[in-house]
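Below, each chain spelled out in residue letters.
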Amino acid sequence: MDTSDLIRLLTLQDANTRTVLAGTALLGLASGVVGSLAVLRRRALVGDAMAHAALPGVCLAFFVVGDRNFSAFLLGALIIGVVAAWTISAVKRFTRVKEDAAIAMAIGGFFGLGIVLSVVIQHRPAGNRAGLDSFIFGKAATMLRSDALVIAAVAAAVIGVAALLWKEFKLLCFDQDFAVSQGWPAARLDLLLMALVCVCTVAGLPAVGVVLMVALLVIPPVTARCWTDRFGPMLVLAGAIGAGAGALGTALSAVLPAPREALSRGWPTGPMIVLTAAAAFAFSLAAAPRRGLVASLVRQVRLRRRVELDHLLRTVYEWSEPREIPAPWNADDLRVDARGGRRAFKHALRLATRRGFAQRAPGGWNLTPEGAVAAARAVRTHRLWELFMVEHAHIAPDHVDSDADRIEHFLPPELISRLESRLAAEGRLPGSRGEVPLSVHPIPSGRRPPTPRRSP
């Protein structure tokens, strides 16, 4: 593509470019909204089954009409798609076959039927006019203005129904049993949702095809799910991601240079739309602030450092507990091999030094006043949780140490305060509110001072 063609594309001077961009963007918008409902309702694979079931519907419509008719093809695909959804529901309800197996059978069965019918059509004299390849792999570049208007009407209808039944769909997605108990028509709402998925699937067949349509229904919602936990923003964000993927994928398919030996200009539009959405998902999976891999890795590192620091402070406190006069300590005194190893001890000691909890002293290290307070707080939290497990979970005192160690680092301050209040109300919290209670079990020997060697 030369510079003039690129400028014409970016400035939307070509009417066909505007049509294709508008059609794919509206298709992505509607697929993102409806796909969010299907994903939250755990019906994402039903859209895949409907997309594959659309192929025999298109073939049967060609047998009836005898020529390529977009509206007839869509109607045939819609009817067979509904039949596929009903088949899955019937198999799940009246047999012992699980839903995932029923969906897999529907995908394979209907798609196989579609391939057989397409071969029959190809052998007929007028078979080449059917253009079935565009429904299998998609051909958005050949989208006409009438096709874009059909997609616009479908998008408006789908978004309108989703907005009108916003509260009902929300309850259906998160708590169907409560909806049934309140007298809501959950089965009819579920059927309506499947109909919306089927309509979007059928409308998107000419653009991205049978094989890739399910990706447009699933990828934008799961991408939006990486960024938000709320129902409304997820639907809005999924629609925006779908629209953006549709427009950007269409533009990239026309702008990116094709290989020299290629027979056509540009790249296939449907796969480029799906690849654009997949790239957005990959970026979200890595960079999302709460569900992203980078954020998860940072949280794990911070938690590991916090656990190591708590272990160090608790070990130092319990080592110093029977001593009346605080004494310097080092790795050999604490016997750190029994908890985390020397490497973890070094990391925790560096962190304690940076935070002002520990400082060098003649003969080793000692805790600063701030470190002593932090150590007392760590030991108090551990022993309060042990006391709660012994008194209320009826766990033997000699078994609670490791159990408390696994969970005490995740206790929020509010829960610790509630534990203190509950134990104090029952008279089981010794001492004042800031005092560290005694351990409910003997302290392991590895955290006690080593036995003094006898002089020869």
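Overview of the structure.

What counts and what doesn't
Residues numbered from 1 in each chain as written. Predicted model: local features only at pLDDT ≥ 70, side-chain atom pairs only at ≥ 80, totals over all residues. Heavy atoms only, no water. Core = buried A, V, L, I, M, F, W, Y, C linked by side-chain atoms within 4.5 Å. Buried < 20%, exposed > 50% of the residue type's maximum accessible area, 1.4 Å probe, protein only. Helix = DSSP H or I, 4+ residues; strand = E, 2+ residues; numbered from the N terminus. Contact = heavy atoms within 4.5 Å. Axes fitted to C-alpha atoms, helices over the stretch in contact; angles between N-to-C directions. Left-handed = near helix turned anticlockwise from the far one by under 90°. Nonpolar A, V, L, I, M, F, W, Y, C, P; charged D, E, K, R; others polar. Salt bridge = Lys/Arg side-chain N within 4 Å of Asp/Glu carboxyl O. Pairing = 2+ DSSP bridges. Expected span 1.5 Å × (residues − 1). Patch = residues over 30% accessible without salt bridge, like charges linked within 9 Å, V, L, I, M, F, W, Y side chains within 5 Å. Areas by Shrake-Rupley, 256 points an atom, 1.4 Å probe, with all protein chains shown as cover. Phe/Tyr/Trp six-rings, centres within 6.5 Å; stacked < 30°, edge-to-face > 60°. Lys, Arg positive; Asp, Glu negative; His and termini not counted. Charge placed at Lys NZ, Arg CZ, Asp CG, Glu CD.

## Quick look at the nonpolar core
The biggest cluster of nonpolar side chains holds 72 residues, and the ones touching the most others in it are Leu37, Met50, Phe169, Val197 and Met213. Tallying contributions element by element places helix 10 (residues 186-225) first for this core, with 18 residues. Those residues in contact with Phe169 that sit more than four places away from it in its chain are Leu37, Val161, Ala162, Leu189, Leu192, Leu193 and Leu196.

## A closer look at the packing of helix 2 (residues 15-40) against helix 11 (residues 231-255)
Two elements in contact, helix 2 and helix 11, have axes separated by 7 Å at closest approach and are oriented at 145°. Crossing of helix 2 against helix 11: the hand is right-handed. Within the contact between the two elements, helix 2 uses Val20, Leu21, Thr24, Ala25, Gly28, Leu29, Gly32, Val33, Ser36, Leu37 and Leu40 and helix 11 uses Phe231, Met234, Leu235, Ala238, Gly239, Ala240, Gly242, Ala243, Gly246, Ala247, Thr250 and Ala251. Split into classes, the residues belonging to the contact of helix 2 with helix 11 amount to 15 nonpolar, eight polar and no charged.

## Digging into the pattern of salt bridges
For the structure shown, the criterion picks out seven salt bridges. When the shortest N-O distance is used, the salt bridge between Glu318 and Arg314 registers 3.9 Å. Here Glu318 pairs with Arg314, and both are found in helix 13 (residues 293-320), just four residues apart, close to one helical turn. A relative accessible area of 2% places Glu318 in the buried class. If you follow the salt bridges from partner to partner, you end up with Arg225, Asp229, Arg290 and Arg291 in one network.

## Description of the environment of Phe345
Within the secondary structure, Phe345 sits in helix 15 (residues 341-354). When the C-alpha positions of Phe345 and Glu308 are compared, they lie 7.2 Å apart, and in sequence the two are 37 residues distant.

## Examining the pairing of strand 2 (residues 364-367)
When strand 1 (residues 358-361) meets strand 2, the two strands line up antiparallel, connected through four bridges. If you follow Arg360 over to strand 2, its bridge partner there is Trp365. Taking the residues that link successive antiparallel strands as the turn, the strand 1-strand 2 hairpin has two residues, and the phi of Gly363 there is positive, at about 95°.

## Quick look at the side chain of Ser31
As for its position among the elements, Ser31 is in helix 2. Using a relative accessible area of 0% as the deciding quantity, one classes Ser31 as buried. Residue contacts for Ser31: discarding those within four places in its chain leaves Cys200, Met213, Leu216 and Leu217.

## Digging into helix 2
With 26 residues, helix 2 should reach 38 Å at 1.5 Å per residue; the first-to-last C-alpha distance of 38 Å fits that figure. Remark: Arg42 follows helix 2 within two positions and exhibits a positive phi of approximately 60°.

## Describing a nonpolar patch on the surface
Taken together, the side chains of Leu60, Phe63, Val64, Val65, Val116 and Val120 make up a nonpolar region of the molecular surface, amounting to roughly 500 Å² of accessible area. When residues of the nonpolar patch are traced back to their parent elements, those giving at least two are helix 3 (44-65) and helix 5 (99-122). Here the element with the most residues in the nonpolar patch is helix 3; it accounts for four residues. Turning to its location among the elements, Leu60 is positioned in helix 3.

## Here we look at the packing of aromatic side chains
This structure, assessed with the given rule, holds three aromatic pairs. Plain terms: the ring middles of Trp166 and Phe231 are 5.3 Å apart, the flat faces sit at 75° to each other, and that makes the pair edge-to-face. On the criterion of sequence distance, the pair formed by Trp166 in helix 8 (residues 166-174) and Phe231 in helix 11 is long-range, its members being 65 residues apart. Judged by relative accessible area, which is 35%, Trp166 ranks as partly exposed. By relative accessible area, Phe231 is classed as buried at 7%. Members of the aromatic cluster, connected to one another through ring pairs, are Trp166, Phe174 and Phe231.

## Considerations on a positive patch on the surface
Among the surface-exposed residues, Arg304, Arg305, Arg343, Lys346, Arg350, Arg354 and Arg355 lie close enough to one another that they form a single positively charged patch. Looking at the positive patch, the elements that each hand over two or more residues are helix 13 and helix 15. Of the residues forming the positive patch, the biggest block, four residues, is contributed by helix 15. Along the chain, the position of Arg304 falls in helix 13. Residue classification places Arg304 among the partly exposed positions, given a relative accessible area of 48%.

## Regarding the environment of Gln359
Locating Gln359 in the fold gives a position in strand 1. The partly exposed category is assigned to Gln359, whose relative accessible area is 39%. For Gln359 and Pro328, which are 31 residues apart along the polypeptide, the C-alpha to C-alpha distance reads 9.9 Å. The contact partners of Gln359, leaving out residues within four places of it in the chain, are Trp365, Asn366 and Thr368.

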